[in-house]
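# Analysis of the macromolecular model
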Amino acid sequence: MHTYHKPLDLVRERSPERPVAFARPAAVAVAARWFQDKFEGDVFYAVKANPSPWVIKTLAANGVTSFDVASIPEIELVTTHAPGSRMAFMHPVKSRKAIATAYFEHGVKAFALDSHEELQKILEATGGARDLTLIVRLAVVAEGASYSLSGKFGVELHEAPALLLAARAATEGRMGVSFHVGSQCMRPTAYQAAMAQASRAIVRAGVMVDIVDVGGGFPSVYPGMMPPEMSDYVDSIQRGFADMMVHEETELWCEPGRALVAEASSILTKVELRKNDALYLNDGSYGNLFDAAHVKWPFPVKLYRGEGDEAHEVEGPLKPFRFYGPTCDSMDHMPGPFWLPEDIREGDYIEIGMLGAYGVAMTTRFNGYGDAETVLVEDAPMASMFGLAGRTIRLPRENQEDERKVVRLSRPKGRAGKSRRKR
Ligand SMILES: *Cc1c(COP(=O)(O)O)cnc(C)c1O
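Extensive coverage of strand S15 (residues 301-305) is indicated by the burial of 4 of its 5 residues. Both S15 and strand S19 (residues 349-352) contribute to a ladder of 4 bridges, which runs antiparallel. Across the sheet, leucine 303 pairs through a bridge with isoleucine 350, a residue of S19. Hairpin connection of S15 to strand S16 (residues 312-314): 6 residues between the antiparallel strands, including glycine 306 at a positive phi of 100°.

Encoded structure:
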């Protein structure tokens, strides 16, 4: 991948016709170090948030060597780009073939489930393996999520004790509980509340759990969504863990997706047409802007104008705009509002920030679009939970050797992926 100091340098050099994705591995490195340092347990990266090889490699080079995977292709991705990593298959519904391939070919031992039927499938597909780590996904009642993930998965709390007992009896390995408070969780206390519910289910079942997995949901910063400090989240989890009925050796796990990668990517898109407050762009909801369209999130934006050395960032009086993507589908609409200089016009470039999570991962090829080139940049993300906004963050070059240099930029403090036990 080519490296530019900042997005404007690419606009000057290339005036790109197609969307370009900017990758900031240093931002991933800093987030990875933060979680390693501050979260009192094991950090599993939820691969679905951004499966780009540069993300997987940067995480592994910065101490996050555990991955929450949901499919065989995700497992293969991790095997290729972070060989030797530990994986947990956290999708509560898997095909028998996927379970068997994960267990026998990739050495995956940890599997999530939320039903007796899935437990049976896991046992049969692994040939009655006794060394499984079985994680029961609970449906918790959580408040504060901007994007609920509770509707589809998780055993209801009144049915959980029977499933916990069955899972406990089914393995000589380890057994645990997990939940997901919902993505972009704006309330740190949601974790503590969810852990209290998990604890009640455990007590009612009368089982001991070896793992408490608090899932993902750790937030990033978007316009109009300024979450509390990330340290408030780990504090809430620590308090929740201290109150749980678990044994001395019980491990704490988390599965952040968004928080590790949201800051690390932005997209450069071109204005093809302006109609009043509507801007028609060359990227949209079938490209990198799924959440802008379907969850109607406004993302931060910057404007660049001109070609060659003339190109510059435009500031000036702002006005709210909405975006349309390039496909012929009327759902390819991002309501925003996106605040941009009022004289924005055809040929201008818009950089849309904070798209590292659930942006590139969602791209389709619909209508012949969706192909974005990725380049590396060294400027700071538009906003940051980790104090990066406004700072230059030096970048590695593309090989892994150089990627390790990122480690030295952030505090070289991380601990190895060993669980800190409950005290
Ligand atoms: C999506 C997902 C995550 C990551 O969620 P974020 O909100 O991105 O942190 C973690 N665990 C599971 C099981 C998921 O499905």
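After presenting the structure, the write-up continues.
Right, let's talk about the site of the ligand for a bit. The environment of the ligand is formed by 13 residues, the closest being Lys48, Ser183, Glu255, Arg258 and Tyr358. Contact distances for the ligand include 2.9 Å between an oxygen atom and a side-chain N or O atom of histidine 180. Interatomic distance of 2.8 Å between a backbone N/O atom of glycine 217 and an oxygen atom of the ligand.

Time to look at the confidence of the model for the protein chain. Averaged over every residue, the pLDDT of the protein chain is 90; residues scoring 70 or more account for 91%. This stretch, residues 395-418, has a pLDDT under 50; its non-local contacts, to residues over four places away or in other chains, come to 46 contacts.

In space, the 8 strands of this closed barrel follow the order S3-S4-S5-S6-S7-S9-S11-S12, with parallel pairing throughout. The mean angle between the axes of side-by-side strands here comes to 25°, regardless of whether they run parallel or antiparallel. Examined bridge by bridge, strand S7 (residues 133-137) and strand S9 (residues 175-178) share 4 bridges and lie parallel to one another. When the sheet's bridge partners are listed, leucine 134 is paired in S9 with methionine 175. Relative to strand S6 (residues 110-113), helix H6 (residues 116-125) is tilted by about 155°, and along the sheet it contacts S6 and S7.

Looking now at the domain arrangement of the protein chain. Domain parsing of the protein chain yields domain 1 (3-22 + 263-401) and domain 2 (25-261). Just the C-alpha atoms count here: the centres of domain 1 and domain 2 sit 31 Å apart. Taken together, the contact between domain 1 and domain 2 spans 26 residues of the former and 32 residues of the latter. Across the interface of domain 1 and domain 2, roughly 2500 Å² is buried in total on both sides, 73% from carbon and sulfur atoms.

For the structure on display, the rule yields 16 salt bridges. One salt bridge in this structure joins arginine 24 and glutamate 351, with 3.1 Å as the shortest N-O distance. Of this pair, arginine 24 sits in the loop between strand S2 (20-23) and helix H2 (25-38) while glutamate 351 is found in strand S19, placing the two residues 327 residues apart along the sequence. Summarising the burial analysis for this pair, arginine 24 and glutamate 351 share the class buried.

Right, let's talk about helix H7 (residues 160-170) for a bit. By the burial criterion, the buried members of H7 are Ala160, Pro161, Leu163, Leu164, Ala167 and Ala170. Elements in contact with the buried residues of H7: S6, H6, S7, S9 and helix H8 (189-205).

Here the focus is the environment of threonine 171. Secondary-structure assignment places threonine 171 in the loop between H7 and S9. Considering only alpha carbons, one finds threonine 171 and valine 221, 50 residues apart in sequence, at a separation of 41 Å. Apart from the residues lying within four places of it in its own chain, the contact partners of threonine 171 are Arg130, Asp131, Leu132 and Leu134. A polar contact of 3.4 Å, which involves the side chain of threonine 171, links it to the backbone oxygen of arginine 130. At 2.6 Å, the side chain of threonine 171 and the backbone oxygen of leucine 132 are in polar contact.

What follows deals with the packing of H2 against helix H3 (residues 53-61). Relative orientation of the contacting elements H2 and H3 amounts to 40°, with a least axis distance of 9 Å. Here H2 lies oblique to H3, going by the angle between them. Of the two possible hands of crossing, H2 and H3 adopt the one that is right-handed. Across the interface between the two elements, Pro25, Val28, Ala29, Ala32 and Arg33 of H2 pack against Trp54, Val55, Thr58, Leu59 and Ala61 of H3. Of the residues belonging to the contact of H2 with H3, the class tally is 8 nonpolar, 1 polar and 1 charged.

Scoring rules and cut-offs
- Residues numbered from 1 in each chain as written.
- Predicted model: local features only at pLDDT ≥ 70, side-chain atom pairs only at ≥ 80, totals over all residues.
- Heavy atoms only, no water.
- Buried < 20%, exposed > 50% of the residue type's maximum accessible area, 1.4 Å probe, protein only.
- Helix = DSSP H or I, 4+ residues; strand = E, 2+ residues; numbered from the N terminus.
- Pairing = 2+ DSSP bridges.
- Near = heavy atom within 4 Å.
- Polar contact = N/O pair within 3.5 Å; in protein donor to acceptor, adjacent residues only side chain to side chain.
- pLDDT = per-residue confidence, 0-100.
- Contact = heavy atoms within 4.5 Å.
- Axes fitted to C-alpha atoms, helices over the stretch in contact; angles between N-to-C directions.
- Domains from an automatic or database assignment.
- Buried area = accessible area lost by both parts, 1.4 Å probe.
- Salt bridge = Lys/Arg side-chain N within 4 Å of Asp/Glu carboxyl O.
- Parallel < 35°, antiparallel > 145°, perpendicular 65-115°, else oblique.
- Left-handed = near helix turned anticlockwise from the far one by under 90°.
- Nonpolar A, V, L, I, M, F, W, Y, C, P; charged D, E, K, R; others polar.

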